[in-house]
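# Structural features, examined
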Amino acid sequence: MIGAGFTGLSAAYELATRGFAVTVLEAEDSVGGLAAAFDVGGEKLDRFYHHWFTSDQDVMNLVAELGLDDRLELNPTNTGVYYANNFFKLSTPWDLLNFTPLSLVDRVRLGLLALRARGVKDWKALEDKTAADWLRELGGENVYRVVWEPLLKGKFGPFANDVSAVWFWNKLKLRGGSRGKGGQERLAYLRGGFVAIAEELARRIISAGGHVELRRQVTQVEQVGQRWSTRLDNGATVESDIVIATTPLPVIADLVRGWAEPAYLDQLERVRYIGNVCLVLELTHALSKTYWLNVNDPKFPFVGVIEHTNFERPETYAGRHIVYLSKYLPVTDALYSLDADAFLGYSLPYLQQMFPKFDRSWILKHHLWKARWSQPVVERHYSRLIPDERGPRRGFYVCSMAQIYPEDRGTNYAIQRGRRLARTIASEYIELKDA
Ligand SMILES: Cc1cc2nc3c(=O)[nH]c(=O)nc-3n(C[C@H](O)[C@H](O)[C@H](O)COP(=O)(O)OP(=O)(O)OC[C@H]3O[C@@H](n4cnc5c(N)ncnc54)[C@H](O)[C@@H]3O)c2cc1C
């Protein structure tokens, strides 16, 4: 198994507990991949902000199966929008009616748009449309400019106009579906961070006789007779009947370049990705009462300000208030290369303008996390770009974030797809053995 993110660990857990001899090879020095964590005030905190929707059933099932359900927290959250130097609440239908950057007619259009979007049952009918065209069609130009365009640009930067309507439809459906009876949004978090699941999966793999090896970067995968030989950066090799690669697709292309056909390599390299930088601040004071603040003001370079401790209590982190400032960007952007101090320096004036009471002395610590392959760009007709889970040669499989569709990347789907592929492989190999 290449990669100890949620996909790799879920698949390895499923195989190891079914009696397969599994070795997980992970380049980093910890498990969890994009959902890995670091220490804040004696507690683990996700490097990149994470939550689940109440509909994320695969993750809920796994949490229960691993006996971690006492850590699961389901809280009402509040969402806001920052626009034209003002804050607006945008959690309930009532908030929507009070969203003054739009005229009353446009507010009604916005409300109807959400309903109409959720009414779409056949996502295939949207594959031909860009999100920009579809959103304009449903809500008109003003609603698009004020509400949706900043979000699309914030999330996909220069690729914003290429994003498929299917991607946006899915977001609207998920967010709308994670609400209680009063229209209040409810989201889930795991005390101790999402990494607690990854660590428990790793423990279970090991106790079933498997191995989870950290700081093992895979550099090449080759077929030797009927078997596979996986080469590591320290020169060692691991031999196996099956290889499952769970890294981003372009990384997989590099691993198989020695033998894969050009058309297959082209397919692995076709999907574009955008990077993410996340500045995490440990503060003495809260910035606001909002958990999730969408930044719709084009003058501000962040897609969101996520005040984690308006969801999970600050006491969990020794009283510290935790804020994530998130920016999606191509990794060629100069900002991507800044170090933590430089990125903080860049961010402070914006933060100060947004939250005039904020003072630099509130910052106890700051951290910067970067993800090169943070989000695949889900374009029109994305279904045609996705490589098959079965690789071009027997025993080689690909189970990667970019194959998740029509849903979007997320730990729930990483678990779902990882476990499903492992079950398929297990049943095929058991049949083969019995034959
Ligand atoms: C900013 C941000 C916010 C997010 N918010 C949410 C959220 O709220 N809720 C949610 O559910 N999801 C969220 N996600 C998405 C979620 O983190 C991912 O979908 C999920 O963790 C992907 O898991 P994965 O195992 O498929 O991939 P990854 O986590 O990318 O795992 C791949 C692993 O492969 C390893 N690897 C790479 N190359 C090699 C190599 N050559 N050799 C060995 N190992 C290698 C990597 O180090 C990594 O550990 C968010 C992601 C980001 C970036």
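What follows is about the domain arrangement of the protein chain. Along its sequence, the protein chain is organised into domain 1 (6–50 + 193–271 + 380–434) and domain 2 (92–184). One C-alpha centre belongs to domain 1, the other to domain 2, and the line joining them spans 33 Å. Taken together, the 7 residues of domain 1 in the interface contact 10 residues of domain 2. By residue class, the composition of the side of domain 1 that touches domain 2 is 2 nonpolar, 2 polar and 3 charged.

Our next topic: the site of the ligand. The local shell around the ligand holds 35 residues, among which G3, G5, G33, L34 and T411 are the closest. In the shell around the ligand, the residues fall into 16 nonpolar, 16 polar and 3 charged.

This part takes up the sheet that holds strand β4 (residues 52–53). An order of β4-β8-β5 is seen for the 3 strands of this open sheet, with the pairing classed as antiparallel. Looking at the sheet topology across the chains shown, the edges are occupied by β4 and β5 (72–76). The pairing of β5 with strand β8 (residues 186–190) spans 5 bridges and is classified as antiparallel. The residue bridging P76 from the neighbouring strand is R186, located in β8.

With that out of the way, let us pick up the packing of helix α1 (residues 6–16) against helix α7 (residues 195–207). Their axes nearest at 9 Å, the elements α1 and α7 cross at an angle of 30°. The angle between α1 and α7 places the two elements in the roughly parallel class. Considering only the axes of α1 and α7, their crossing is left-handed. From α1, F6, L9, S10, A12, Y13 and A16 reach across to α7, where they touch A198, L201, A202, R204 and I205.

On to the nonpolar core. In this structure, L9, A12, V24, V163, A198, I205 and I244 are the most contacted members of the largest nonpolar core, which totals 124 residues. For this core, the element with the most residues is helix α5 (residues 131–156), which contributes 11 residues. Structurally, this core is a two-domain feature, drawing no fewer than three residues from each of domain 1 (6–50 + 193–271 + 380–434) and domain 2 (92–184). Setting aside its immediate chain neighbours within four residues, A12 contacts M1, V22, V24, I205 and G210.

Procedures and definitions
- Residues numbered from 1 in each chain as written.
- Predicted model: local features only at pLDDT ≥ 70, side-chain atom pairs only at ≥ 80, totals over all residues.
- Domains from an automatic or database assignment.
- Contact = placed C-beta atoms within 7 Å.
- Nonpolar A, V, L, I, M, F, W, Y, C, P; charged D, E, K, R; others polar.
- Near = placed C-beta within 6 Å.
- Pairing = 2+ DSSP bridges.
- Helix = DSSP H or I, 4+ residues; strand = E, 2+ residues; numbered from the N terminus.
- Axes fitted to C-alpha atoms, helices over the stretch in contact; angles between N-to-C directions.
- Parallel < 35°, antiparallel > 145°, perpendicular 65-115°, else oblique.
- Left-handed = near helix turned anticlockwise from the far one by under 90°.
- Core = buried A, V, L, I, M, F, W, Y, C linked by C-beta atoms within 7 Å.
- Buried ≥ 20, exposed ≤ 12 C-beta atoms within 10 Å, placed from the backbone.

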